[in-house]
Amino acid sequence: MSLILGIESSCDETAAALVTSDREILAHKLAGQEAEHAPYGGVVPEIAARAHAEILTPLIAEALEEAGKSLDDVDAIAATAGPGLIGGVMVGLVTGKALAMASGKPLIAVNHLEGHALSPRLVNADLAFPYLLMLVSGGHCQILRVEGVGQYRRLATTIDDAAGEAFDKTAKILGLGYPGGPRVEALAKKGDPKAVPLPRPLIKSAEPHFSFAGLKSAVVRAHQSGAHRPEDIAASFQQAAVDCLRDRLEKAIAEQERCAHLVVAGGVAANTPIRTMLEEVAQENDMAFTAPPQWLCTDNAAMIAWAGVERFAAGLSDPLDFVAKPRWPLDPTAEKARGAGVKA
Ligand code: KG4
Ligand code: ZN
């Protein structure tokens, strides 16, 4: 059995966790930065990096204490090394390197997206490769075929905004504040999803990719027109997002080699109508469906520690001069999508 310390600091959550290869989560600590970023309506990279630097070391100490473990008990230190806001990533990676050097334990530089991608295997021991992954977060919107540790085939990505970004922008337009996704979902419950006519960008297109920028512009126009209630805009936006995700997913399923299992990961997976839709699509296509619990869908260090467990088991570790990567695609062979390059 192995025990891995995981460190996460790529966006606005500082996190540390201890996870075993037996899927036991001995500790997982998380410190959000909502209060720091709320006045700006979004994450400010410099503020995030400073907050990570202040919080991370004590948080790791707390995680070790909660688990009743010391660094001596740990087999390796897994730290997010990208992609993400580079200042924050550097804080976590440098901390991981220092702990690895001081303890003589190996460093595992984890791709944050691999953390999300493998997280369903932390809660489902029967989830075997290959599986189809819908990765929907604040920075990413991709459909991937997960073929093994470090082996990913990207089937679709966004050509502009990520799904979570669209939720966050809609929240900002409607004056709901930050973080936006859960607030849009809550408001949408009171609205009519058919009230506001909104576009479904790229739906039915031959291209496999997602696009959300046009949907956002339409939300701006609907709001500015003054003709609609905010709850109706929220509900109609959410329905459009669900429809877009469903259409692209169905296309990917129809065109790819069969996977027995559909899996969702990333912060947007916390959205109930999206989860329900994914469950339906899985059922219609005779696939099993796994959605990690909500706390494991949004950024956390347990998924980084688990990616560490999987990489450690595969005999993988990284040199202490590993350089943090602001962009780090899971499938480096994937062609650039039109308009992409804005985001990893
Ligand atoms: O994976 P995550 O925690 O961070 C990134 O790596 O991006 O995802 C955060 C994103 C944000 O855009 C947030 O608004 C969205 O996930 N999100 C939601 C919900 N909860 C979080 N979007 C829609 N509905 C939700 N309930
Ligand atoms: Zn994430």
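This one's a predicted model, so the numbers in the text were calculated from it and none came from an experiment.

Thresholds, definitions, all that
Residues numbered from 1 in each chain as written. Chains lettered and ligands numbered in written order. Predicted model: local features only at pLDDT ≥ 70, side-chain atom pairs only at ≥ 80, totals over all residues. Heavy atoms only, no water. Buried < 20%, exposed > 50% of the residue type's maximum accessible area, 1.4 Å probe, protein only. Helix = DSSP H or I, 4+ residues; strand = E, 2+ residues; numbered from the N terminus. Pairing = 2+ DSSP bridges. Right-handed = clockwise from strand over helix to strand, strands pointing away. Donors = N, O, S within 2.8 Å, 3.2 Å for Na, K, Ca; no water. Tetrahedral: all angles 85-135°; square planar, octahedral: opposite > 155°, others 65-115°.

Visitor: When you look at the pairing of strand 2 (residues 13–20) in this model, what are you seeing that I'm missing?
Guide: For a regular strand, side chains alternate in direction, first toward one face of the sheet and then toward the other. For strand 2, a buried count of eight out of eight residues is recorded, marking the element as mostly surrounded by other parts of the structure. Neither face of strand 2 is open: one carries Glu13, Ala15, Ala17 and Val19, the other Thr14, Ala16, Leu18 and Thr20, and all of them are buried. Hairpin remark: strand 1 (residues 3–8) followed by strand 2, antiparallel, with four residues in the connecting loop. Looking at chain direction, strand 2 and strand 3 (residues 25–32) are connected through seven bridges and run antiparallel. From the neighbouring strand, Thr14 faces strand 3, where its bridge partner is Ala31. Turn length for the strand 2-strand 3 hairpin, with the two strands adjacent in sequence and antiparallel, is four residues, and the turn residue Arg23 shows positive phi of about 70°.

Visitor: Can you walk me through the pairing of strand 4 (residues 76–82) in this structure?
Guide: Among the seven residues that make up strand 4, seven are buried, leaving the element largely enclosed by the rest of the structure. Of the pairings in the sheet, the one linking strand 1 to strand 4 comprises four bridges and is parallel in character. From the neighbouring strand, Leu5 faces strand 4, where its bridge partner is Ile77. Alignment of strand 4 against strand 5 (residues 107–111), held across five bridges, turns out to be parallel. Bridged to Thr80 within strand 5 is Val110. Once the chain exits strand 4 it traverses helix 3 (residues 86–103) before rejoining the sheet at strand 5, and the crossover so formed is right-handed.

Visitor: Whenever I open this one, the coordination of the zinc ion (ligand 2) confuses me. Can you help?
Guide: Geometry reference: four tetrahedral donors at a metal, ideal angle 109.5 degrees. Six octahedral donors, ideal angles 90 or 180 degrees. Taken together, His112 (NE2), His116 (NE2) and Asp299 (OD) make up the protein donors of the zinc ion (ligand 2), found 2.0 to 2.2 Å from the metal. Around the zinc ion (ligand 2), the four donor atoms sit at angles spanning 92 to 148°, and that spread fits a shape best called irregular. Of note, the zinc ion (ligand 2) draws all its donor residues from one chain, in the sequence arrangement H-x3-H-x182-D. Highlighted residues: His116 in helix 4 (residues 112–123) and Asp299 in the loop between helix 10 (294–297) and helix 11 (302–313), separated in sequence by 183 residues. Residue class for His116 comes out buried when judged on its relative accessible area of 1%.

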